[in-house]
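Single-letter residue listing:
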Amino acid sequence: MEQLVATVRAVAPRHTLVVEGHAYSGIDELRAMEPLAADNLVYSFHFYESHIFTHQGAFWGWPLFQKFKAVPYPSSPEALAPLVDAAEDAAKPPLKDYGEQRWDKLRIEARLDAARDWAQAKGVPLWCGEFGASRLGEAPQAARRQWLADVRTSLEVRQLPWTVFDYVGHFGLATGKAGARGFDPLELEALGLKKLSSPP
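Residues numbered from 1 in each chain as written. Predicted model: local features only at pLDDT ≥ 70, side-chain atom pairs only at ≥ 80, totals over all residues. Heavy atoms only, no water.

1. Here we look at the overall build of the protein
Move 1: Helices and strands together make up the secondary structure of the protein, namely eight helices and six strands.
Move 2: Starting at the N terminus and walking to the C terminus, you meet the elements of the protein as α-β-α-β-α-α-α-α-β-α-β-β-β-α.
Move 3: The globule rule puts the C-alpha radius of gyration for 200 residues at 16 Å, and the 18 Å found for the protein is close to it.
Move 4: The principal-axis extent of the C-alpha atoms belonging to the protein is close to 55 × 40 × 30 Å.
Move 5: Counting the 200 residues in the protein, one finds 46% classified as buried.
Move 6: Long-range pairs, those at least 24 residues apart, make up 62% of the contacts in the protein with a sequence separation of at least 6.
Move 7: Computed over 22 positive and 25 negative side-chain charges, the inter-centroid distance for the protein is 5 Å. (Helix = DSSP H or I, 4+ residues; strand = E, 2+ residues; numbered from the N terminus. Rg over C-alpha atoms; globule rule 2.2 N^0.38 Å. Buried < 20%, exposed > 50% of the residue type's maximum accessible area, 1.4 Å probe, protein only. Contact = heavy atoms within 4.5 Å. Lys, Arg positive; Asp, Glu negative; His and termini not counted. Charge placed at Lys NZ, Arg CZ, Asp CG, Glu CD.)

2. Some remarks on helix α6 (residues 105-122)
Move 1: Taking 1.5 Å of rise per residue, 18 residues should cover 26 Å, and α6 covers 26 Å from first to last C-alpha, within 8% of that figure.
Move 2: Along α6, the residues that are buried comprise Ile-108, Glu-109, Arg-111, Leu-112, Ala-114, Ala-115, Trp-118 and Ala-119.
Move 3: Contacts made by the buried residues of α6 are with α2 (27-31), β2 (41-47), β3 (126-131) and α7 (141-157).
Move 4: By the N-cap criterion, in which a side-chain oxygen at the helix start approaches the backbone nitrogen of a residue two or three places on, α6 is capped by Asp-104, the distance to Leu-106 being 3.2 Å.
Move 5: The first or second residue beyond α6 is Gly-123, which carries a positive phi of 70°. (Expected span 1.5 Å × (residues − 1). Polar contact = N/O pair within 3.5 Å; in protein donor to acceptor, adjacent residues only side chain to side chain.)

3. Points about the packing of helix α4 (residues 77-86) against helix α5 (residues 92-101)
Move 1: The contact between α4 and α5 brings their axes to 8 Å, and the two run at 175°. With respect to α5, the element α4 is oriented roughly antiparallel. Along the contact surface, α4 presents Pro-77, Leu-80, Leu-83, Val-84, Asp-85 and Ala-86, while α5 presents Lys-92, Leu-95, Lys-96, Tyr-98, Gly-99 and Glu-100.
Move 2: Of the residues assigned to the contact of α4 with α5, the class counts are seven nonpolar, one polar and four charged. (Axes fitted to C-alpha atoms, helices over the stretch in contact; angles between N-to-C directions. Parallel < 35°, antiparallel > 145°, perpendicular 65-115°, else oblique. Nonpolar A, V, L, I, M, F, W, Y, C, P; charged D, E, K, R; others polar.)

4. Brief notes about the pattern of salt bridges
Move 1: In this structure the tally under the stated criterion is twelve salt bridges.
Move 2: The shortest N-O distance in the salt bridge between Arg-145 and Asp-184 comes to 2.7 Å. Of this pair, Arg-145 sits in helix α7 while Asp-184 sits in the loop between β6 (182-183) and α8 (185-190), and the two are 39 residues apart along the sequence. Judged on exposure class, the residue Arg-145 and its partner Asp-184 are both buried. (Salt bridge = Lys/Arg side-chain N within 4 Å of Asp/Glu carboxyl O.)

If you want it as structure tokens, here you go:
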């Protein structure tokens, strides 16, 4: 990263550069970093916790993501029990664990506190460069909206700027084909966005 920053700075000395941790740039990867010896940097992290919920149905990364369907949020042993009972053997332990971890707004806040505290201790600006929940696993609409709202409001309370991922696609803000896309007004509300007309 130091070499990349030096290379870019040689041709664009005034540009603000965004720096992220290794692997998938999550909070733990961020906290494993030491700030670089350069100024005009913004540090970024991605937030997709818990992945059992946000990546349900995903066909990349962990193969078991494809086995998770209709996973709820918030999580509890009671809420997950029917899915655990119906799941394939390999998928049962992670689904059970997700239920027992009781993912809710308080747990999200604790994770975001870890990111904010790192940035404050290091004296660097921080930005949540990505967060979102996949549509591929048919997550209950109300659960998806609730997760988005809980993450967004928790980021804003901590004065962490954010970017939702993505505009269209598996995590998309807009759905439908080009020329006929639309927004879920309740999802926009969860993100604190004003009502938008359908994009062209």
